[in-house]
Amino acid sequence: MDFGLYHWHSADRPEIDILAEVSGGLVGMEVKCAVTIDDSDFRHLKWFAREGPGKTRRFTGIVIYLGERTLSFGNRLFALPASLLWSRLDL
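From a predicted model like this one, the values you see are computed outputs, not experimental measurements.

**Q** Residue-level account of the pairing of strand β6 (residues 77–81), with values.
**A** Only one face of β6 is buried, namely the one carrying L77, A79 and P81, since none of F78 and L80 on the opposite face is buried. In terms of strand pairing, strand β4 (residues 58–65) meets β6 through five bridges, oriented parallel. Paired with I64 across the bridge in β6 is L80. Where strand β5 (residues 71–72) meets β6, two bridges bridge the pair, whose relative direction is antiparallel. By the bridge assignment, S72 is partnered in β6 with F78. As consecutive antiparallel partners, β5 and β6 are separated by four residues, and within that stretch G74 has a phi angle of approximately 75°, a positive value.

**Q** Could you give me a rundown of the pattern of salt bridges, with the residues and numbers involved?
**A** Across all of its chains, the model carries two salt bridges by this definition. With its nearest N and O atoms 2.9 Å apart, the salt bridge here joins R57 to E21. With a gap of 36 residues between them, R57 in the loop between α1 (43–50) and β4 and E21 in strand β2 (residues 13–22) connect regions that are remote in the sequence. The class for R57 is partly exposed, based on a relative accessible area of 30%. Ionic pairing is found between K46 and D39, a salt bridge with its closest N-O pair at 2.7 Å.

What counts, and where the lines are drawn
Residues numbered from 1 in each chain as written. Predicted model: local features only at pLDDT ≥ 70, side-chain atom pairs only at ≥ 80, totals over all residues. Heavy atoms only, no water. Buried < 20%, exposed > 50% of the residue type's maximum accessible area, 1.4 Å probe, protein only. Helix = DSSP H or I, 4+ residues; strand = E, 2+ residues; numbered from the N terminus. Pairing = 2+ DSSP bridges. Salt bridge = Lys/Arg side-chain N within 4 Å of Asp/Glu carboxyl O.

Now the structure itself:
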């Protein structure tokens, strides 16, 4: 699978920490130094998907945070614990 990783930023708009282009879709990731997450942590990802460059593509938004639970915030929006980045996957 081919993919590209980018940082997206515009002078007058929000930024996306990591933007991955995968199989015709986009995955936007924000990294937060917080143990708790709420809906406001997704504001840049939501803007990007509704009004920004992501509005014409399949878009998934992810907030990586210091908590312990994987959470869904609806409509392809997820909060993932940072510990998943180094945990073992049993496939």
